[in-house]
Each structure stands twice: as C-alpha cells, then as structure tokens.
Amino acid sequence: MLISLIVPCYNEEQSLPFLYKALCDLRNELAPDGKSFEFIFVNDGSTDKTKDVIKYMASKDGDVRYVFFSRNFGKEAAMYAGLEASRGEYVAILDADMQDPPSLIPEMVRSLDSDEADIVAARRVTRKGEPIIRSFFARRFYKLINRMIEVEIADGARDFRLMRRIVVDAILSVSERQRFSKGIFAWVGFRTKWIEHVNVERVAGETKWSFWKLFKYAIDGIVAFTTAPLRLATIAGFSSASAAFLYMIYYFIRAVILRIYDTVPGYPSLLCFILFIGGLILMALGVLGEYIGRTYIETKGRPIYIKAEDENSGRTTSPDT
Ligand code: UDP
Ligand code: MG
C-alpha cells in the first residue's frame, strides 16, 4: 500500500536533511507491514537552496517526488499542490521543520488500518516555545471563530494529519482560492481521531509566520467560513439607529411637551454620536469590503498555484502529454 507524505517547503534548506533522514527511518520501520512511500516536496518559491536539496534527494531516491512553484504562493497553495500530486491510498501533510513529528506517523497508520477513523490529526496540547502574545491571540482566535462557524476547529490543531484517499478527494473538491485548510479539513467531515503531542521547536531555520501574516490568516479564516461579521455590522447599525431614535423621542418630549430649550449644552454628546455612527459606518463598510474583495478574487477563477517544474520535467514524455 502506498502512503504519500507531502512536505510544503519554503526556505527549508537547513531542515530538509533532518526531515529526510527521519522519513527514511519511517520508511524502513513500516516496510515490513507492506507500506511503501512517496515523499512529495512542494517548493513554495524558496529563495535559498531548498530546490537543489530537493533535486539532490530526488536524484538519489526514487521515492522522492517534487513540485516547484514559480513563486511563493503560501503554505495553503503548497498543501493543495501536494494533495493534487499525491497518488497514495493514505496521504499525510507534514511541515519541513520537524515540528510535526514523523514519529507519530506509524501510530496514525495503525489507526487508519484498524478502521478507527478516516483522518488522524495531530494536536498540540502546549504552545511551549512560542511567543506569549502569539499564543494568547491564537487562543482568542480559536474561541472567536468557533463561536461563529458551524464546524468546530480544535485549538492547537495542526495541518499535520494522515487521511484516506476519499478525504483527500473531498478536500481537492473544495477549490476556493483563499484557502483556510484548518477550516476545510473540519468542513469536509469524516471521522477524525486526534493524537495529542507537546509542541516541538523547529529543528533549524526560522518560522515564516510574522505576527502580521498570522493576523491576516486569522481574518481569512473567519471570512472564508462565516458571514457572521456581516450580521454583526447589521446588528450594530440597527442598535445604534434604535438608540438614536430613542434619543430623538427624548428631545422631542423635552422640547415640545416640557418646553425645555437648552440645546447648546448638548454639543459634546452630538459630536460623540456623530463620531460613533461614523465609526460604525466605516466598520460596516470595511466588513462588507472584505467579503466583496474575496468574491472578486474568487470570480477571477485564477489557479491556486503555478507550477514551474516537477519531477517529470525534462524527462521524455509520451507525445500526447
Ligand atoms: N511554508 C510554505 N510556504 C510559506 C510559509 C511556510 O510552504 O509561505 C511551509 C514551511 O516551509 C513549513 C510549514 O509551511 O514546512 C510551516 O511553516 P513554519 O514552520 O514557518 O510555521 P510555524 O510552524 O512557525 O507555524
Ligand atoms: Mg514550523
């Protein structure tokens, strides 16, 4: 039985040798069970020697396959490309930096073999070694998104998981461009088993995620899976309009019935209200803009990634391909 392991790589020249060694150990460990492997490295437009490292591995090892992107398209696109290229009956996605311990894979394989689940996914139970502010916002984000969307995204869930072919095909059928895989994995359903592990720090190199990149990723996640913010804007608009209406009645009663004419002292409150409403309008427009912008990008129907090269490039191919 063939198992595909997909590794998205962006500037990972230092980690790849470690990972490759671990993958080879894994292959030896599972060979007696009749498992064979293909290692698919997706080079996401790295600017270092990642490409050369991958090509070198491929030249030595027939199980190594690769897809090179024409530029950096992001990890989401890299995972999609890997899934598309995969041929295995079981497919796993793991990071190049060994933060997704390959040593968990045998256990994952056993779970699928014994038909306990269709997806075995890893979950970090600690965020040790991560900046405190990042952990804090990450936790908030999972709380917030889970309150808004219909499927549950587990806190600490990683992209690291082993899936059956049927799940992979389901994920590939979700072909939106702004991909938020953690949501897509949950959205396609199937029986998921969680394996918990403590956080592992990357073996070499450094993280590609700045705080700003993570923030944008969080917004993408929310906008991709729920229109709740739009509803929030509606509710905020409705409540402030109602408040304004009550305020109007109050002044009407004061002026017309009680005949109190001291309108000038009301100037600061007026200013406050104008600013408040102005802010709400801008916010609602911003929220609207997020959705319209995404709709615009989706309607263009551009491909998720552009392939520059793969392991078949340069080889002689049959005339019809
Ligand atoms: N990655 C990628 N494209 C990117 C950024 C990251 O393919 O634009 C890959 C990266 O090489 C690694 C994985 O995604 O294999 C996770 O990235 P990283 O370790 O930087 O993220 P972290 O573990 O810090 O969340
Ligand atoms: Mg990492």
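Our structure's up above, just so we're on the same page.
Presented here is a report on the structure given in the accompanying data block.

Thresholds applied
- Residues numbered from 1 in each chain as written.
- Chains lettered and ligands numbered in written order.
- Predicted model: local features only at pLDDT ≥ 70, side-chain atom pairs only at ≥ 80, totals over all residues.
- Heavy atoms only, no water.
- Phe/Tyr/Trp six-rings, centres within 6.5 Å; stacked < 30°, edge-to-face > 60°.
- Helix = DSSP H or I, 4+ residues; strand = E, 2+ residues; numbered from the N terminus.
- Buried < 20%, exposed > 50% of the residue type's maximum accessible area, 1.4 Å probe, protein only.
- Arc of directions from axis to C-beta.
- Contact = heavy atoms within 4.5 Å.
- Expected span 1.5 Å × (residues − 1).
- Salt bridge = Lys/Arg side-chain N within 4 Å of Asp/Glu carboxyl O.
- Core = buried A, V, L, I, M, F, W, Y, C linked by side-chain atoms within 4.5 Å.
- Near = heavy atom within 4 Å.
- Polar contact = N/O pair within 3.5 Å; in protein donor to acceptor, adjacent residues only side chain to side chain.
- Areas by Shrake-Rupley, 256 points an atom, 1.4 Å probe, with all protein chains shown as cover.
- Patch = residues over 30% accessible without salt bridge, like charges linked within 9 Å, V, L, I, M, F, W, Y side chains within 5 Å.

### Topic: the packing of aromatic side chains
In total, this model carries 12 aromatic pairs according to the counting rule given. With centroids separated by 5.5 Å and ring planes inclined at 75°, the aromatic side chains of F137 and F211 adopt a geometry described as edge-to-face. Residue F137 is found in helix α5 (residues 132-148), and its partner F211 is found in helix α8 (residues 211-225); the two are separated by 74 residues along the sequence. The class of F211 is partly exposed, set by a relative accessible area of 43%. Taken together, the ring pairs in this structure connect F141, Y142, F180 and Y217 into an aromatic cluster.

### Regarding helix α2 (residues 50-60)
Helical geometry note: an α-helix holds 3.6 residues per turn, so side chains three or four residues apart project in the same direction. Within the span of α2, buried status applies to T50, I54 and M57. Down the axis, α2 shows its buried residues gathered within 65° of arc, on one side only. Set apart from the buried face of α2 by more than 90 degrees, the exposed residues are Y56, S59 and K60. Among the structural elements, β1 (2-9), α1 (16-30), β2 (36-43) and β3 (64-69) are those in contact with the buried residues of α2.

### Quick look at α8
In a regular helix each residue adds 1.5 Å, so 15 residues correspond to 21 Å; α8 covers 21 Å between its end C-alpha atoms and thus fits that length. Along α8, the residues classified as buried are Y217, A218, G221, I222, V223 and F225.

### Re the pattern of salt bridges
Taken as a whole and judged by the stated rule, the model has 22 salt bridges. A salt bridge links E309 to K55, with the shortest nitrogen-to-oxygen separation between them at 2.7 Å. Placement of the pair is E309 in strand β8 (residues 307-310) and K55 in helix α2, with a sequence separation of 254 residues. Residue classification places E309 among the buried positions, given a relative accessible area of 19%. Exposure remark for K55: the relative accessible area of 37% places this residue in the partly exposed category. Among the ionic pairs, D159 bridges to K75, the shortest N-O distance being 2.9 Å. With D159 in strand β6 (residues 157-164) and K75 in helix α3 (residues 75-85), the pair connects residues that are 84 residues apart, well separated along the chain. Assessed through its relative accessible area of 6%, D159 is described here as buried.

### Things to note about the nonpolar core
Counting 39 residues, the largest nonpolar core has V42, F69, L83, I145, M163 and I171 as the members making the most contacts within it. Sort the elements by how many residues they give to this core and α3 lands first, with 7 residues. Filtering out sequence-adjacent residues up to four positions away, M163 remains in contact with L83, E89, Y90, V91, I93, L112, D118, I119, V168, I171 and F185. One finds L16, L26, A92 and I195 within the second-largest nonpolar core, a separate group that totals 33 residues.

### Quick word on the site of ligand 1
Close to ligand 1 lie 17 residues, the nearest being D44, D97, Q99, R202 and T207. One of the backbone nitrogen or oxygen atoms of Y10 is found 2.8 Å away from an oxygen atom of ligand 1. Within the side chain of Q99, an N or O atom sits 2.4 Å from an oxygen atom of ligand 1. Surface burial for ligand 1 is 91%, taken as the share of its 520 Å² of free accessible area covered by protein chains.

### Focus on a nonpolar patch on the surface
On the surface, F245, L246, M248, I249, F252, I253, V256, I257, L258 and I260 cluster together to form a nonpolar patch covering roughly 980 Å² of accessible area. Inspection of the secondary structure assignment puts M248 in helix α9 (residues 228-257).

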